[in-house]
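Observations on the model geometry
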Amino acid sequence: MGGNSRKFKKAEKSKIKLKGAVLPKGTNVTKTNFKVRKIVLPDQLKQRNLTQAAVLSNKSLTLKDCLAKLRQNNASSKTEGLRGVREILGKMPSEVQSMLSNVIRDVTSLAVDLERDVRRDCYKTLGCILVACGPTGAVPFFDLLLSFLRCAMTHIQARIQEDSLLLLDVLLQHSPALILTNRDKILPQFLDMISKLRAENKPGRTLTINLDRQSTSTRWRANVLMRLTAILKILLESKVAKDCPAEANVGESEAAEAADLDNPFASAVAEQQLRKGPQLNHVFDGNGPMFLPLIKSHLCTTCPMDVLFRKTAEKDSGLSLSERVDDGQKLKMYIEMLIPLLFESWLEVRPPVNEAVEEHALSQEAASTLDLLLTIFIQLWKLTVQYCAETNNNDLKQWFRGQYSSNFASHILKGFPYYQSGSQTQTQPKKARTTSEPVLERVDDKCYKQNFNICFFFCCLNEQFRSIRKRKSDTGYTRVVEYVKSCVLNWKFRGVEATNLLLQVLRFILLDADSTTVNEETRALLNTLLEVYITARLPQDIRNRILVLFCDIIVRSDTLWRQYGKELFTLWLKMLPNLLCKPTIDMVVLRALLCLAQRNNAAFLDVLEANAKQIVANAGTIRVTNEREPGEGRALICNLIFYIRDRSLLQELLAVDCAKVADRSVREQLLSTVEMRCEMLK
């Protein structure tokens, strides 16, 4: 310790010491002449136009700020960004036009996000964007939307797969053209959600059971099949639109103008359109020339090559998928994939079949599943009928019938008719609804919709069901006719849908089928319908539709009318002219009566001549409903008077009754019509 002290003192003495020296003045003052550099944050402190609040969200965020939040990892930031995009779209949709590509890319990328709330907000925002874009604005981004849809459908996480159905709902509602043009790419991944291939090189599939979902496999399949019905519905509507181009072009220009007003991205320059010929108005004008087309435009279209060189509908197991290029082979391939899956789905939920019981009870889940399956059956059949009509070849229709008629009779018709068991009241606590729980439609206790669809589809699958010859399907047809007859006798339905289905089944059984022969069961059904029409108090719209059905049976097929027997319609025909003496009449009924007069139906014309004076007296005051143009119905009444065969009666009408009509225009039409008819009968 002492040595260290001596060393320290020695070091202190050796230092230089300034004794008596004074420091210069000012050297010990702190310098304040330094420069300060500013801290600049260009993105956060950017000057914003806060006076124009339309381009900002409720939290004063621009569209770029909202898109930047979508790329963050925080779920709340993503949700806030999606909300901001929707708010900006609501205030000023044109703000998205310059950044439409970035908006769709960033928003759609969240369709496979791990957070459920983010995915739901993504679908909601994407729907708003598609509405703002219009039907054509999102066309360049179809590939992007399709990629994320397929990615969500095949995702490894079951929750994202389930929510992919919500994304499909958005596209079906706002962009059906995307689903329509890419249906061949979507359907395989769509079916993978409920099934798997039996073999890699064959289209056959089998159902799969997913144990990692909260809902049952039956509910999950029902949820998927509901979307399948929507896809097939879009496909059917597109084919119907192609078949009726003239009707679609009637209001095309007006619809285009309305779409341009609603679409903020519509170009101000009109697109180049093909030159169209002058629109001809086919209304008779006695003061000027009238031009009528002699050639139908649809007969001049070029026949497509795949129709000329189409493959037959025989066994084609040797064909690969790439060789199945025409629509018929694609449709056949999808039918082969779907219908066995539908039968398997039904076999899992159907009740045990007891032949001693006339009706079989269904649970609510089974009734809803049967409704979906029958809807898909009928949609596939309508697509087949449309294709056969386009190609003028019934090979595919015959293949459909031969392949699945026996399976339908053994699996579904065997337990027909069905009814729903007691209502199931759920007393479970409320939970958050997920996509795995489909919103099951409420089914009536009698299952009218399911039973009528079974009747209709059975008749579609059996071509000669009205044949007099005894066939294997006679037992099934007898059950169908007895059920329909019981429903006609007790015409009490709660909804309009069941009534429409019954009328559709009656029309197909009595008229629309290809069979020209009539057996006793069909004749008894027609007789029952005639009795109900005459005696029962049915609503007027239903009576009008039944009347039109009877008129079509008489007018459209004289052979079929003779097969039923003229004596069945005698009493009904005598009642028809009395409809012209009532205060109101429907336009559809008037057209049907005119068709009977044009066919020179003797029973109808006899009663028409007997009531001619009352009809002429009522012509000026009768009110015709559902007219397209005012005065059209009264013109048809004048045309009915033209077909009177008694010249003396016509002269009496011309001299006395026609002159008493108060309405001037109707009086002039009646006078000119009766004068022309009298000259023709000289």
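Every chain's residues receive numbers from 1 upward, in the order its sequence appears when written. Reporting of local features is limited, given that this is a predicted model, to residues whose pLDDT is at least 70; pairs of side-chain atoms are given and counted only at 80 or more, and all residues count toward the totals for whole chains, interfaces and linings. Hydrogen atoms and water are omitted, and side-chain values are computed over all heavy atoms in the structure.

Focus on the packing of aromatic side chains
- Centres within 6.5 Å make a pair out of two Phe, Tyr or Trp rings, where for Trp the six-membered ring is used; the pair is then stacked when the planes are under 30 degrees apart, edge-to-face when over 60, and tilted otherwise. Scanning all chains against the criterion turns up 16 aromatic pairs.
- Relative to F457, the ring of F400 lies with its centre 6.4 Å away and its plane at 85 degrees, an arrangement referred to as edge-to-face. Of this pair, F400 sits in helix α16 (residues 395-411) while F457 sits in helix α17 (residues 448-461), and the two are 57 residues apart along the sequence. Taken as a pair, F400 and F457 share a single burial class, namely buried.
- Aromatic side chains F416 and Y483 sit 5.2 Å apart centroid to centroid with 70 degrees between the ring planes, which places their arrangement in the edge-to-face category. Placement of F416 in the loop between α16 and β4 (418-420) and of Y483 in helix α18 (residues 474-489) is noted, with a sequence separation of 67 residues between them.
- Buried means the residue's accessible area, taken with a 1.4 Å probe over protein chains only, is under 20% of the maximum for its type, while exposed means over 50%, and partly exposed covers the values in between. Judged by its relative accessible area of 1%, F416 falls in the buried class.
- With a relative accessible area of 10%, Y483 lands in the buried category.
- One aromatic cluster is present, formed by F343, F377, W381, W399, F400, Y404, F408 and F457 through successive ring pairs.
- A ring has a charge above it when a Lys NZ or an Arg CZ is no more than 6 Å from the ring centre and no more than 35 degrees off the ring normal. A cation over an aromatic ring shows up here: R543 above the ring of Y533, its NZ or CZ 4.3 Å from the ring centre.
- A cation over a ring is seen here: R677 above F642, with NZ or CZ 5.0 Å from the ring centre. Think of it this way: any DSSP run of H or I at least four residues long counts as a helix, any run of E at least two long counts as a strand, and we number them from the N terminus.

Looking at the UniProt feature "transmembrane region" (unreviewed entry) in the chain
- According to UniProt, the "transmembrane region" (unreviewed entry) feature falls on residues 126-149.
- In this annotation, residues 126-149 is assigned 83% helix and 0% strand; the end-to-end C-alpha distance for the span is 12 Å. UniProt positions are given in the numbering used here, feature names are shortened, and annotations may be inferred rather than shown by experiment.

What to know about the nonpolar core
- Residues belong to a common nonpolar core when they are buried Ala, Val, Leu, Ile, Met, Phe, Trp, Tyr or Cys residues joined through side-chain atoms within 4.5 Å. Formed by 181 residues in total, the largest nonpolar core has its most connected members in F569 and W572.
- Looking at this core element by element, the count peaks at 14 residues for helix α15 (residues 364-391).
- In this view, F569 contacts L526, F550, I553, I554, W561 and Y564; residues no more than four positions away in its chain are not counted. Only heavy atoms matter for contacts: two residues are in contact if any of them lie within 4.5 Å across the pair.

Comments concerning the pattern of salt bridges
- Only one rule defines a salt bridge in this text: a Lys or Arg side-chain nitrogen within 4 Å of an Asp or Glu carboxyl oxygen. Summed over the entire model, instances satisfying the criterion amount to 23 salt bridges.
- The closest approach of N and O atoms between K59 and E80, which form a salt bridge, is 3.6 Å. Note that K59 is positioned in the loop between α1 (2-13) and α2 (63-70) and E80 in helix α3 (residues 75-91), a separation of 21 residues in sequence.
- With its nearest N and O atoms 2.9 Å apart, the salt bridge here joins R507 to D552. In this pair, R507 sits in helix α19 (residues 496-512) while D552 sits in helix α21 (residues 540-556), placing the two residues 45 residues apart along the sequence.
- The network of salt bridges with common partners includes K59, K69 and E80.

Notes on the environment of K682
- Relative to the helices and strands, K682 is located in the segment after α29 (664-680).
- Along the sequence, K682 and R647 sit 35 residues apart, while their C-alpha atoms lie 8.1 Å from each other.

Let's talk about the packing of helix α5 (residues 116-137) against helix α7 (residues 158-174)
- Viewed as axis vectors pointing N to C, α5 and α7 meet at an angle of 10 degrees, and their least axial separation amounts to 10 Å. Here α7 runs roughly parallel to α5, going by the angle between their axes. Between α5 and α7, the residues in contact are R116, R119, R120, Y123, L126, G127, L130 and V131 and R159, I160, D163, S164, L166, L167, V170, L171 and H174, respectively.
- For this classification, Asp, Glu, Lys and Arg are treated as charged, while Ala, Val, Leu, Ile, Met, Phe, Trp, Tyr, Cys and Pro are nonpolar and the rest, including Gly, are polar. Classifying every residue of the contact of α5 with α7 by side-chain character gives nine nonpolar, three polar and five charged. Each axis is a line fitted through C-alpha atoms, taken for helices only over the stretch in contact, and angles between the N-to-C directions span 0 to 180 degrees. Any angle between 65 and 115 degrees counts as roughly perpendicular, while under 35 counts as roughly parallel, over 145 as roughly antiparallel, and the rest as oblique.

Quick notes on the environment of E344
- You can see E344 is positioned in helix α14 (residues 327-349).
- When its relative accessible area of 21% is taken as the criterion, E344 is described as partly exposed.
- Residues E344 and T206, 138 residues apart in the sequence, show an inter-C-alpha distance of 8.1 Å.

Considering the environment of F452
- Inspection of the secondary structure assignment puts F452 in helix α17.
- Given the relative accessible area of 0%, F452 is considered buried.
- For the pair F452 and L374, spaced 78 residues apart in the sequence, the C-alpha separation amounts to 10.0 Å.

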